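# Chains, contacts and geometry: an overview
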Amino acid sequence: MVSRVRVWLNRTYAENVFFMDQLRRNPSDRAVEIHATHGDADSPVLAAADTAELEPENLSPAGYVEFALDQCARRGIDVFVPRLHQSAIVAHRAEFEAAGTAVLAPPPEAVAVFQDKVIAYEAVQAIGVPVPPWYRVRSGDELVAAVEELESEGHKACFKPASGAGGVGFRVITRTPFSLMQLSGFPSPYVPLDLVLEALRQAEEPVDWLVMPRLEQPEVSVDCLTGPDNRVRLAVGRTKNGRRRGFTLHEQWLDPARRIAEGFGLHYLSNIQFRMFGDRPVLMDVNTRPAGGLHQLSLCGVNAPWAAVQLALGEDPGEVVPPFLGQDYTVVSGPRPLRPVSLPQQRPETTDQLPAVPAPPSPETADSVGPAAQALPL
């Protein structure tokens, strides 16, 4: 009898409820039990898990590693998919392996390269992958110089933190003065340059921003599955152009993604994003973790989460080729169950493990969770 696989996702995105669904519906028909931890008791990820626990707040990276090692030992975790404190966790991979847990994440060197966007751009440019023009700025004077240089070449300037994920902190510079126009509709990423400069003058600490031209659509996110041998097993592009989304296997997107994944050892699941600069694709960002939209590859007949777990367990799935490309689609939010306000008592599994989560409430009583979005065809 094949044993069950116990997978842990730590503080992750709400959309990864679909990642969890795919693990349970794996083509190997293997029993999978999922443990989840989060800092938010209302995360739908906790409700979707078989066992769940709130994470302690304000732990240092080293303290979080100790918490994680304890979770793996007490919960019998076979595969750990870390998002929070990924860099600290992968630095202690040997300790997790000694506890019987495979860490589904790249090695420390690869994670370090892509934590800082400037280092990342310099590194990928050195292996021949195109990147957009960029300027690292830490002061108002440097910001003005970068914006003026980009505008003189006919570009619209934007900025984002030199480190970060998920588009947090992304803004587009405008010369239009602040007016009621900015207050008459939905919040916009556009910010007047004079207000940004005033905020910088009042700030007590310098910023660390990357200033670059605003890149054009389409945006293509290439999901890659790479083995510990640095060989890519899967590469599929997810296209985004306004509301319309789709899939691509065009080499103008896949070839540079493979070069990055293989060249830097982005083991297991990574997501490499491109946009257009003029008439050519350039790198926008690299995520050393599974993308929130990874589950959308199921529309192409691919179960990428399970293939990654197989790799982590030493069961090579071989080359994963989509049997077809799904039709264009859009993404809409839908309801997902939540757990009661306080974490309930959980059913004991063994005498040395914390208890498991009862069945979630019925959809009729569930709260709606916006970030957990489903893909629907257009």
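Residues numbered from 1 in each chain as written. Predicted model: local features only at pLDDT ≥ 70, side-chain atom pairs only at ≥ 80, totals over all residues. Heavy atoms only, no water.

### Some words on the sheet that holds strand S3 (residues 51-54)
Sheet architecture is open: five strands sit in the order S3-S2-S1-S4-S5, paired in parallel fashion. Because the sheet does not close on itself, it has two edges, and the strands there are S3 and strand S5 (102-103). Summarising the sheet, strand S1 (residues 5-9) and strand S2 (residues 32-38) pair through five bridges and their orientation is parallel. Within the sheet, the bridge partner assigned to Val 7 lies in S2 and is Ile 34. Contacts from helix H1 (residues 17-24) reach S1 and S2 within the one sheet, and its direction differs from that of S2 by about 160°. On the sheet, helix H11 (residues 304-312) packs against S1, S2, strand S4 (79-81) and S5 and is oriented at approximately 110° with respect to S1. (Pairing = 2+ DSSP bridges. Helix = DSSP H or I, 4+ residues; strand = E, 2+ residues; numbered from the N terminus. Contact = heavy atoms within 4.5 Å. Axes fitted to C-alpha atoms, helices over the stretch in contact; angles between N-to-C directions.)

### Quick word on H1
For H1, the tally of buried residues reaches seven of eight residues, placing the bulk of the element in the interior. By the burial criterion, the buried members of H1 are Val 17, Phe 18, Phe 19, Met 20, Asp 21, Gln 22 and Leu 23. (Buried < 20%, exposed > 50% of the residue type's maximum accessible area, 1.4 Å probe, protein only.)

### Regarding empty space enclosed by the protein
In this approach, a probe sized like a water molecule rolls over the atoms, and the result shows the empty space that is left. Taken as a whole and assessed by the stated rule, the structure comprises one cavity of 30 Å³ or more. As for the largest cavity, its lining consists of Leu 9, Asn 10, Thr 12, Tyr 13, Asn 16, Phe 19, Val 81, Pro 82, Arg 83, Arg 289 and Pro 290. Residue composition of the lining of the largest cavity, by class: six nonpolar, three polar and two charged. (1 Å grid on protein atoms, 1.4 Å probe; cavity = no way out; pocket = protein on both sides within 12 Å on 5 of 7 lines; lining within 4 Å. Points joined across faces, edges and corners; volume = space filled by probe spheres on them. Nonpolar A, V, L, I, M, F, W, Y, C, P; charged D, E, K, R; others polar.)

### Re the packing of helix H8 (residues 140-152) against helix H9 (residues 193-202)
Contact geometry for H8 and H9: axes closest at 9 Å, N-to-C directions at 155°. It follows that H8 is roughly antiparallel to H9 by the angle criterion. Between H8 and H9, the residues in contact are Gly 140, Leu 143 and Val 144 and Leu 193, Val 196, Leu 197 and Leu 200, respectively. For the contact of H8 with H9, the residue count by class is six nonpolar, one polar and no charged. (Parallel < 35°, antiparallel > 145°, perpendicular 65-115°, else oblique.)

### What about unusual backbone geometry?
Residue Pro 218 is reached from Gln 217 by a cis peptide bond, and omega for that bond is 10°. The phi angle at Asn 58 is positive, at roughly 65°, despite the residue not being glycine. With respect to the helices, strands and loops of the structure, Asn 58 is situated in the loop between S3 and helix H3 (61-75). Positive phi is not limited to glycine here, since Tyr 268 has a value of about 70°. With respect to the helices and strands, the residue Tyr 268 is situated in strand S14 (residues 268-277). On the basis of relative accessible area, Tyr 268 is assigned to the buried category, the value being 8%.

None of the figures reported here should be taken as evidence of function without further support.
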